[in-house]
Amino acid sequence: MSSYENRYWWSNDEVRLHCRDYPGPDAGPGGRPPIVCIPGLTRNARDFEDIAERLSPDWRVIAIELRGRGESGYAKDPMSYVPLTYVQDVEALLAELAIDRYVAFGTSLGGIVTMLLASAGREKLAGVLLNDVGPEIEPAGLGRIRSYVGRANTWPTWMHAARGVQEANADVYPHYGIEEWLAMAKRLYRLNSSGRIVLDYDMKIAEPFRVPGNEAGPDMWRALDALKDVPTLILRGARSDVLSAATAEKMAARLGRAELVTVPDVGHTPTLMEPAAAAAIDRLLDRVTKEPVTA
């Protein structure tokens, strides 16, 4: 396993935040930019373990945990669990680490945060991966997410947790076996002080998400437009109920230079390790290394 350093930084409203920093090679001045990974609504840095393992021999990979997830602190005000606040939190980390150019991998909610980061600082983005998310979220997928987020499930054993994850996600990953379900459970859950296995996020993240409009933010098509000159990969799970094929195609057409890849036999979201996703990521990073740096 690739080693990583746990890093912590403070948000503007004094929430202590956490990320995993996989150092990669010493890039030096003008070298390869780091890859900053931003997870989905209920996920954490563990979601990027496999992709960090694969890429960190050649790239620095920073896997962020948004406020209220994993080792990041829980917010006093649950209404701060919104994309615009997450953008400020990420910007605080970039300032803390003196990162002025980076590649963003955004999964689901992380992709929304990525588009908003582009709106605020497009010149910092050397490349972007939008993983199964776009400016429009399908009502069916949104309804499904709202049906489970913030509902506290607990389990007595990891096998029970794995079976629960399987029951909820069988349509998303139809070819998973028990080993994959166990691995997914260990990314979603943690062991608490009472010996129970519980979801690894603040249940209050659901409060603003249940308010119509708070799942994204302002006009996300305008936010997407900021990526027109940025090497961009749009990944879509073929079984996705969040990003429709029509929206993904419209995104690619609007950006012009973006690559759209549909990952077969996967729903929301691809893990980034599927062969089609891995090959597309390699093409994106190859573009990043060859793209001229503009002021």
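Keep in mind the model is a prediction, meaning the values are calculated, not measured.

> Explain the packing of aromatic side chains to me, please; I cannot follow it from the model alone.
To describe a pair of aromatic rings, you give the distance between the ring centres and the angle between the ring planes. Summed over the entire model, instances satisfying the criterion amount to four aromatic pairs. Taking the centre distance of 5.2 Å and the plane angle of 50 degrees together, the rings of Y4 and Y22 count as tilted. Here Y22 lies in strand β2 (residues 16–22) and Y4 lies in the segment before β1 (5–10), a separation of 18 residues in the sequence. On the basis of an interplanar angle of 65 degrees and a centroid distance of 6.4 Å, the ring pair of Y173 and W181 is categorised as edge-to-face. Side by side, Y173 and W181 carry an identical accessibility label, which is buried. By the ring-pair criterion, three or more aromatic residues cluster together here, those being Y173, Y176 and W181. When the ring centre of Y8 is taken as origin, the NZ or CZ atom of R16, which lies over that ring, is 3.9 Å away.

> Before we go on, may I ask you to explain the environment of A168 in this structure?
Here A168 shows up in helix α5 (residues 158–169). Taking the C-alpha atoms as reference points, A168 and Y148, separated by 20 residues in sequence, lie 9.4 Å from one another.

> What's the story with unusual backbone geometry in this structure? I'm lost.
The linkage connecting H268 with the following residue, T269, adopts the cis geometry, with an omega of 10 degrees. Along the chain, the position of T269 falls in the loop between β11 (259–263) and α10 (275–290). One non-glycine residue, A98, lies in the positive phi region at around 55 degrees. Structurally, the position occupied by A98 is in the loop between α2 (83–96) and β5 (102–107).

> So what exactly am I meant to see when it comes to the sheet that holds β1 here?
Sheet strands associate in pairs through backbone hydrogen bonding, adopting either a parallel or an antiparallel arrangement. The strand order across the open sheet built from eight strands is β1-β2-β4-β3-β5-β6-β10-β11, with neighbouring strands paired in mixed fashion. Strands with a single pairing partner mark the edges of an open sheet, and in this sheet they are β1 and β11. The sheet shows a mean angle of 20 degrees between the axes of neighbouring strands, taken without regard to direction. Taken together, the four bridges between strand β6 (residues 125–131) and strand β10 (residues 232–237) define a ladder with parallel strand orientation. Opposite L130, over in β10, you have I234 as the bridge partner. The sheet strands contacting helix α3 (residues 109–121) are β3 (35–38), β5 and β6, and the helix crosses β5 at an angle near 145 degrees. Set on the sheet, α10 makes contact with β3, β5, β6, β10 and β11; between it and β10 the angle comes to about 170 degrees.

> It is not clear to me how the environment of V61 should be interpreted in this structure. Could you clarify?
With respect to the element layout, V61 can be found in strand β4 (residues 61–65). Apart from the residues lying within four places of it in its own chain, the contact partners of V61 are R20, D21, Y22, I35, C37, A52, L55 and S56.

> For this particular structure, what's the right way to read the packing of α5 against helix α6 (residues 178–188)?
Packed helix pairs are specified by the crossing angle of their axes together with the interaxial distance, meaning the distance between the axes. One can describe the packing of α5 onto α6 by two numbers: an axis separation of 8 Å at closest approach and a directional angle of 100 degrees. Relative to α6, α5 is oriented roughly perpendicular. Of the residues in α6, those touching α5 at W158, M159, A161, A162, R163, V165, Q166 and N169 are I178, W181, L182, M184, A185, K186 and L188. Taken together, the residues that form the contact of α5 with α6 break down as 11 nonpolar, two polar and two charged.

> Teacher, can you tell me more about the pairing of β2 here?
Looking along a regular strand, one sees side chains alternate from face to face of the sheet. The buried fraction of β2 is high, at six of seven residues. Bridging between β1 and β2 involves six bridges; their strand directions are antiparallel. Counterpart to W9 in the pairing with β2 is L17.

> Even after reading the chapter, I still don't get the pairing of β10, so can you show me in this structure?
Counting buried positions along β10 yields six of six residues, so the element is predominantly enclosed. Across five bridges, the pairing between β10 and β11 is parallel. Of the residues in β11, the one forming a bridge with R236 is T262. In this view, the connection linking β10 to its parallel neighbour β11 by way of helix α9 (residues 245–255) has right-handed handedness.

Reading guide: rules and limits
- Residues numbered from 1 in each chain as written.
- Predicted model: local features only at pLDDT ≥ 70, side-chain atom pairs only at ≥ 80, totals over all residues.
- Heavy atoms only, no water.
- Phe/Tyr/Trp six-rings, centres within 6.5 Å; stacked < 30°, edge-to-face > 60°.
- Helix = DSSP H or I, 4+ residues; strand = E, 2+ residues; numbered from the N terminus.
- Buried < 20%, exposed > 50% of the residue type's maximum accessible area, 1.4 Å probe, protein only.
- Lys NZ or Arg CZ within 6 Å of the ring centre and 35° of its normal.
- Pairing = 2+ DSSP bridges.
- Axes fitted to C-alpha atoms, helices over the stretch in contact; angles between N-to-C directions.
- Contact = heavy atoms within 4.5 Å.
- Parallel < 35°, antiparallel > 145°, perpendicular 65-115°, else oblique.
- Nonpolar A, V, L, I, M, F, W, Y, C, P; charged D, E, K, R; others polar.
- Right-handed = clockwise from strand over helix to strand, strands pointing away.

Everything listed here is a matter of coordinates, which is why it stays silent on function.
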